[in-house]
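Chain residues, written in single-letter form:
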Amino acid sequence: MLCTSAAAEGAPEAPKVPSKNELKKRAKEEEKARKAAEKAARQAELEAQKAAAEVDYAKEFYGTLPLNQSQSRPRRERVQIASLNPNMDGQTVLLRARVQTSRAQGSKMVFLNLRQRTDSVQALLTVAPEKVSKQMAKWAAGLQIESIVLAEGVVKKAPEFIKSATVGDVELHLTKLHLISGLETILPFTVDDANRPEPAETEAEDVQFKRVLLDTRLNNRVVDLRTQTNQAVFRLQHAIGHLFREYLDGKGFTEIHSPKLQGAATESGASVFQVSYFKGKAFLAQSPQLAKQMAIAADFERVYEIGPVFRAEDSNTHRHMTEFIGLDLEMAIEEHYHEVMELLDGLFLHMFRSLKEKYSKEIETVRKQFPADEFKWREGPEGTLKLSFKEAVDLLVEDGVPREDLDDIDTTNEKRLGRIVRAKYDTDYFIIDKFPMALRPFYTMPDPEDPTLSNSYDFFMRGEEILSGAQRIHDAKLLAEQMRGKGIDPASMSSYLDAFKLGCPPHGGGGIGLERVLMLFLKLNNIRRASLFPRDPKRLEP
């Protein structure tokens, strides 16, 4: 019995068959492991894709350039925005511009408005494999407006005219974009806001867009001057100076440069700036009047000057400044002072015609912000309207102004006269001759028939004076007599008076305010808009 039992104990056990539940459990575990492996593979693939995406294949095509210290000069041709046109379709161009506006559309497209002075073009940056990365698009979208960039791209014909750009028939598809100069402070206002049309006087105060006030503009003049309007205004200011020189050079004039520090006041003592001058005092020139006349006495025959004029008048008006640019001329007379008046008239007509013919683009740019009636002058055989002072007074009396109020024509009545003349003669430009002697400076020649009148004239634009001129006294004795009559001691201006004692030809001239001509031609409504950095009784900066 014992043996049998031992043999039974030594026999192998039969294999255990898994139950149905165990089989199911194992199948589930295997399925779970397979899914986990698949998930890990997918995750690894995603990580690989993400890693590949983080490789910025466009990093050489964008970014901030090193500070330009003239390290190199590749001599690559750069273009002006104004030159872009549909005939350049497909051409790659390089240009430097400011970013006027920036707008991202999703993460793969950025629109930029690039500006050079009065011209702008739309630029488009689109993500493209191996060319423009998402990182590049994100960087471009983050550029501050008014940043200066170097942009390279392909010119493409615009599918439709782009109204937000001055060059609207093409757009620039960017391939490279680098920052030359960014901003280190906050803009006081945007150039877009500063470029908006001025609201009409009748318009409600709650206008849709932000309005930039004149004082704010002048306090931040560098930004204000970037507007397309101001770029056009100061091109036109340059044009007026150029046309003045061009015309007078063609008439045999010599440009002179007179001192602005003088030992005595040339006009009224109340309107002169006095400055310390070592142990004495000096005065800032109110005009180059004395120097011009002395040049004529020195046989220069015909002279002109473009330079600063200083007036210490506490006049806080739309048309007065304490420093402005004077366009002055003086010339010898052969027979009659109207020779001077007629030459000045020819000068103004040359300016008006040339501005209209050669600078229509700039004028149109200004009109967008300052809508105004086109400036009118008379052409043809009838010529410029010329009125005597008496005739001008008569026109005002006919319009209801009491004659006793018209010993002088003040600013209000000047404007009224301008409206009368525009309605009656269809011109914004006219001349008034023969002013009363009492209204003119000591050096003005009296009328030969009526000593209460003078051989003097003023020129007007839109009812405001833009030139004052006359025949000057060239006889030393008469000059000294007139000086005493105006309360001036001849001894205080002996060097000036001595010039006429040495013999001087009859002569005359005039002085023009550059900024006033510009303001009135464009109807800017305030002379400060026509001055780069205006000076008035309340402003010495910037």
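Description of the structure in this document.

The rules behind these values
- Residues numbered from 1 in each chain as written.
- Predicted model: local features only at pLDDT ≥ 70, side-chain atom pairs only at ≥ 80, totals over all residues.
- Heavy atoms only, no water.
- Helix = DSSP H or I, 4+ residues; strand = E, 2+ residues; numbered from the N terminus.
- Buried < 20%, exposed > 50% of the residue type's maximum accessible area, 1.4 Å probe, protein only.
- Contact = heavy atoms within 4.5 Å.
- Pairing = 2+ DSSP bridges.
- Axes fitted to C-alpha atoms, helices over the stretch in contact; angles between N-to-C directions.
- Salt bridge = Lys/Arg side-chain N within 4 Å of Asp/Glu carboxyl O.

### Here we look at the environment of Arg-367
Here Arg-367 lies in helix α10 (residues 360–369). Judged by its relative accessible area of 14%, Arg-367 is buried. Apart from the residues lying within four places of it in its own chain, the contact partners of Arg-367 are Ala-372, Asp-373, Glu-374, Phe-375, Arg-462, Phe-521 and Leu-522.

### Regarding the sheet that holds strand β7 (residues 254–255)
Overall, mixed pairing links the 8 strands, which are arranged β7-β11-β12-β17-β16-β15-β14-β13 in an open sheet. Two strands bound the open sheet, and with one partner strand each, they are β7 and β13 (385–388). Sheet topology places β13 next to strand β14 (residues 429–433); 4 bridges connect them, and they run parallel. Paired with Ser-388 across the bridge in β14 is Asp-433. Strands in contact with helix α11 (residues 389–398) are β13 and β14; relative to β13, the strand with the most contacts, it is inclined by about 90 degrees.

### A short note on the pattern of salt bridges
Under the definition given, this model contains 31 salt bridges. A salt bridge links Asp-193 to Arg-196; the nearest nitrogen and oxygen atoms lie 3.0 Å apart. Note on Asp-193: relative accessible area 12%, which makes it buried. Since its relative accessible area comes to 26%, Arg-196 is described here as partly exposed. Here the salt bridges do not stand alone but share partners, grouping Lys-292, Asp-328, Glu-330 and Arg-472 into one network.

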